[in-house]
Amino acid sequence: MILPGFPDAQPVEGLFGGLMIGGAAAIMLLGLGRIAGVSGMLARASGVERTPTPWPIAALFIVGLVVGAGLFSAVAGPVEASFPPDYGWLVAGGLAVGFGTRLGSGCTSGHGVCGMSRLSPRSLVATGTFIVAGMVTVAIVNALGGGW
């Protein structure tokens, strides 16, 4: 399916992926009573933070992300990705995201998927902030001739 103005968009695949993420979040919340926020799970699995989530569940969640990506790649073939030639931007971006995750008490999966579905006021504000910050960042990068 080709969308006007977005020749590389994959709406069917996006819908399927969104349903899988939502389903996984629902299973985690309903089955285990835990929020499926990746940053919180990673913090717990790595020992950076003590959370109510038991360590084995957090560790298996993180391992499942890696194994799931590997299985997808084995079935569908490798995903093509392009990155800027200067890896310094990737490192700086990763550090900024990590800092923002700690500052915002969660990541996009925790706030955007799990928090929004529970109508959490903090998550509504956080998700709006993510979206606005992303839009402003893209506008600034494009205005400075960046991008790749």
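In this text, all values refer to a predicted model and were calculated from it rather than measured experimentally.

S.K.: Can you help me understand the overall build of the protein chain in this one?
M.R.: When its secondary structure is counted, the protein chain shows six helices and zero strands. Overall, the protein chain shows an N-to-C arrangement of helices and strands of α-α-α-α-α-α. Seen through its principal axes, the protein chain has C-alpha atoms that stretch 45 × 35 × 30 Å. With 148 residues in all, the protein chain has 18% of them scored as buried. When contacts within the protein chain are restricted to residue pairs at least 6 apart in sequence, those whose partners lie at least 24 apart make up 36%. Here the protein chain displays about 10700 Å² of accessible surface, and carbon together with sulfur accounts for 74% of that area. Charge separation in the protein chain, taken as the distance between the mean sites of 6 positive and 5 negative side-chain charges, equals 27 Å.

S.K.: Looking at this model, I keep getting lost on a nonpolar patch on the surface. Mind explaining?
M.R.: On the surface, Val132, Val136, Ile140 and Leu144 cluster together into a nonpolar patch covering about 400 Å² of accessible area. Take Val136: it is sitting in helix 6 (residues 121–143).

S.K.: In this structure, what is going on with the environment of Phe130? I would like to understand it.
M.R.: Along the chain, the position of Phe130 falls in helix 6. Assessed through its relative accessible area of 30%, Phe130 is described here as partly exposed.

S.K.: Explain helix 2 (residues 38–46) to me, please; I cannot follow it from the model alone.
M.R.: Side chains that are three or four residues apart share a direction in an α-helix, a result of its 3.6 residues per turn. Of the residues making up helix 2, those classed as buried are Ser39, Met41, Ala43 and Arg44. Buried residues belonging to helix 2 abut helix 1 (11–32), helix 3 (55–76) and helix 4 (87–103). Positive backbone phi, approximately 85°, marks Gly47, located one or two places after helix 2.

S.K.: Teacher, can you tell me more about unusual backbone geometry here?
M.R.: Trans peptide bonds make up the majority, and among non-glycine residues the majority have a negative phi. Positioned with a positive phi, Ser105 is a non-glycine residue whose angle comes to about 55°. Inspection of the secondary structure assignment puts Ser105 in the loop between helix 4 and helix 5 (108–117). Phi at Leu119 takes a positive value of approximately 55°, unusual for a residue other than glycine. Along the chain, the position of Leu119 falls in the loop between helix 5 and helix 6.

S.K.: Help me out: how do you make sense of helix 3 in this one?
M.R.: A rise of 1.5 Å per residue sets the reference length of helix 3, with its 22 residues, at 32 Å; its end C-alpha atoms lie 31 Å apart and thus fit the reference within 8%. Regarding helix 3, the residues found buried are Ala58, Ala59, Phe61 and Ile62. Buried residues along helix 3 sit in contact with helix 1 and helix 2. Downstream of helix 3 by one or two residues, Gly77 has phi in the positive range, about 95°.

S.K.: Quick question: what am I supposed to make of the pattern of salt bridges here?
M.R.: Pairing is possible between side chains of opposite charge, provided their charged atoms come close. Taken as a whole and assessed by the stated rule, the structure comprises one salt bridge. Its salt-bridge partner being Glu49, residue Arg102 comes within 2.2 Å of it at the nearest N-O pair. Linking Arg102 in helix 4 with Glu49 in the loop between helix 2 and helix 3, this pair joins segments that are 53 residues apart in sequence. A relative accessible area of 28% places Glu49 in the partly exposed class.

S.K.: Hey, could you run me through the packing of helix 2 against helix 3 in this one?
M.R.: To describe two helices that pack against each other, one gives the angle between their axes and the distance between the axes. Relative orientation of the contacting elements helix 2 and helix 3 amounts to 120°, with a least axis distance of 8 Å. When the axis of helix 2 is compared with that of helix 3, the two are oblique. In this structure, the crossing between helix 2 and helix 3 has a hand that is left-handed. Contacts from Val38, Met41, Leu42, Arg44 and Ala45 of helix 2 reach helix 3 at Trp55, Ala58, Ala59, Phe61, Ile62 and Leu65. Considered class by class, the residues forming the contact of helix 2 with helix 3 number ten nonpolar, no polar and one charged.

Conventions adopted
Residues numbered from 1 in each chain as written. Predicted model: local features only at pLDDT ≥ 70, side-chain atom pairs only at ≥ 80, totals over all residues. Heavy atoms only, no water. Helix = DSSP H or I, 4+ residues; strand = E, 2+ residues; numbered from the N terminus. Buried < 20%, exposed > 50% of the residue type's maximum accessible area, 1.4 Å probe, protein only. Contact = heavy atoms within 4.5 Å. Areas by Shrake-Rupley, 256 points an atom, 1.4 Å probe, with all protein chains shown as cover. Lys, Arg positive; Asp, Glu negative; His and termini not counted. Charge placed at Lys NZ, Arg CZ, Asp CG, Glu CD. Patch = residues over 30% accessible without salt bridge, like charges linked within 9 Å, V, L, I, M, F, W, Y side chains within 5 Å. Salt bridge = Lys/Arg side-chain N within 4 Å of Asp/Glu carboxyl O. Expected span 1.5 Å × (residues − 1). Axes fitted to C-alpha atoms, helices over the stretch in contact; angles between N-to-C directions. Parallel < 35°, antiparallel > 145°, perpendicular 65-115°, else oblique. Left-handed = near helix turned anticlockwise from the far one by under 90°. Nonpolar A, V, L, I, M, F, W, Y, C, P; charged D, E, K, R; others polar.

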